[in-house]
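This is what each chain is made of:
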Amino acid sequence: MSFRSYIRKKYRAFRPILIKGKDNTVRNCSKMRGFTIDITGDNNTLDIADDCLLTNGVIFISGSDNRLVIESDVRIYGPLRIDMRDGATVIIRHGGRMRGVNIVCESGMVEYGAGSGASYNVVIRNTDSHPIFNTETNERINFPKDVVIGKNVWLAQNVMILKGVTIGDNSIIGAGAIVTKDCPPNSVMAGNPAVVVKNNVYWER
Ligand SMILES: CC(C)(COP(=O)(O)OP(=O)(O)OC[C@H]1O[C@@H](n2cnc3c(N)ncnc32)[C@H](O)[C@@H]1OP(=O)(O)O)[C@@H](O)C(=O)NCCC(=O)NCCS
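Asker: Give a description of the overall build of the chain that names residues and reports values.
Answerer: The helix and strand inventory of the chain stands at one helix and 22 strands. Its C-alpha radius of gyration of 18 Å places the chain within 12% of the 17 Å reference for a compact globule of 205 residues. Over its C-alpha atoms, taken along the principal directions, the chain stretches across nearly 50 × 50 × 35 Å. Buried residues in the chain amount to 33% of all 205 residues.

See below:
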């Protein structure tokens, strides 16, 4: 490790939350280990419940009017990366579990339901990050759309949830699935693009 990165690591251990901007509100008493949060912009709100464990992750909040809520008893084992931009709301509900997750949220919402679990290399995004335009009208065709992961959902390894998707309560998304359409409750969805392969199931942690 270079001297520069050694100093940066030591500094971040003392200052895990860096804020640049005005009217930003941070309430965080969680246990953070190897976890950093960068806020650049104005009027952003961060609210992390006291009994959460945040390990091995980074949260980048940029622009204004973003809101991150992490409710009680959430365990993040990492690696986690959350990127929020320009009026994004990310809510991780009570008892959520995450291993290797990347959430990308821009001008809209990502909600991660109570008691849901995500494996390694899971991506959840409400935005494509780059605008696409119609050549004749020059109008944008791919706006951000909210993503809602229901309660007690299991996202298996290498899952990708794309913009506009709602996953119903108690459902399972199979390894490697790319989900572009809604999943009903108590169902298994798998494949690329993901389709429903089973109904009337539930799972246990
Ligand atoms: C989603 C999963 C749990 C479903 O298990 P299951 O209920 O036993 O499902 P089955 O094996 O009976 O498969 C049902 C159908 O879906 C297909 N299928 C299952 N998982 C699939 C996947 N990940 N991708 C594509 N198709 C899949 C099967 O080929 C089968 O198709 P068929 O009916 O045409 O034969 C399991 O397949 C899976 O993806 N496990 C990975 C778990 C994981 O990542 N764990 C990490 C720890 S969190």
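Asker: Just give me the short version of the sheet that holds strand S12 (residues 109–112), but keep the residues and values in it.
Answerer: Spatially, the seven strands line up as an open sheet ordered S2-S4-S6-S9-S12-S15-S18, and their pairing is parallel. Each edge of the open sheet is held by one strand with a lone partner, namely strand S2 (25–28) and strand S18 (166–167). When S12 meets strand S15 (residues 147–149), the two strands line up parallel, connected through three bridges. Bridge pairing in S15 places Tyr112 opposite Ile149.

Asker: Tell me about the environment of Lys20, and please be specific about residues and values.
Answerer: Examined against the element boundaries, Lys20 turns out to sit in strand S1 (residues 17–20). Given 11 C-beta atoms within 10 Å, Lys20 falls into the exposed group. Spatially, the C-alpha atom of Lys20 lies 34 Å from that of Glu139, the residues being 119 residues apart in sequence.

Asker: Talk me through the site of the ligand; I want residue IDs and the actual numbers.
Answerer: Taken together, Ser119, Ala156, Gln157, Ile172, Gly174, Ala175, Gly176, Val188, Ala190, Gly191, Val197 and Lys198 make up the full set of residues near the ligand. When residues of the shell around the ligand are traced back to their parent elements, those giving at least two are strand S21 (188–190) and strand S22 (195–198). Looking at the shell around the ligand residue by residue, the class counts come to six nonpolar, five polar and one charged.

Asker: Give me unusual backbone geometry: which residues, what numbers.
Answerer: Omega for the peptide link from Gly78 to Pro79 comes to 0°, which places this bond in the cis form. Omega for the peptide link from Asn192 to Pro193 comes to -5°, which places this bond in the cis form. Here Pro193 lies in the loop between S21 and S22. Despite not being glycine, Asp23 shows a phi value in the positive range, around 55°. A positive phi is found at Asn121, a non-glycine position, where the angle reads about 60°. A tally of 17 C-beta atoms within 10 Å means that Asn121 is categorised as partly exposed.

Asker: Lay out the pairing of strand S6 (residues 67–70) with the relevant residues and their values.
Answerer: Alternating residues of S6 divide into Leu68 and Ile70, all buried, and Arg67 and Val69, none buried. As paired strands, strand S4 (residues 45–48) and S6 are joined by four bridges and run parallel to one another. Its bridge partner being in S6, Ile48 is matched across the sheet by Ile70. Bridging between S6 and strand S9 (residues 89–92) involves four bridges; their strand directions are parallel.

Asker: Explain the nonpolar core residue by residue, including any values.
Answerer: Counting residues in each nonpolar core, the largest one holds 48 residues, and the members touching the most others are Val90, Ile103, Ile124, Ile173 and Val179. Apart from the residues lying within four places of it in its own chain, the contact partners of Ile124 are Val101, Ile103, Val110, Val147, Ile149 and Ile161.

Asker: Describe the pairing of strand S11 (residues 101–106), and please don't skip the residues or the numbers.
Answerer: Counting buried positions along S11 gives five out of six residues, so the element sits mostly inside the fold. Bridge analysis of strand S8 (residues 80–85) against S11 gives six bridges, and the strand direction is parallel. Bridge pairing in S11 links Ile82 to Ile103. Looking at chain direction, S11 and strand S14 (residues 122–125) are connected through four bridges and run parallel. Looking at S14, one finds that Val104 is bridged to Arg125.

Thresholds, definitions, all that
Residues numbered from 1 in each chain as written. Predicted model: local features only at pLDDT ≥ 70, side-chain atom pairs only at ≥ 80, totals over all residues. Helix = DSSP H or I, 4+ residues; strand = E, 2+ residues; numbered from the N terminus. Rg over C-alpha atoms; globule rule 2.2 N^0.38 Å. Buried ≥ 20, exposed ≤ 12 C-beta atoms within 10 Å, placed from the backbone. Pairing = 2+ DSSP bridges. Near = placed C-beta within 6 Å. Nonpolar A, V, L, I, M, F, W, Y, C, P; charged D, E, K, R; others polar. Core = buried A, V, L, I, M, F, W, Y, C linked by C-beta atoms within 7 Å. Contact = placed C-beta atoms within 7 Å.

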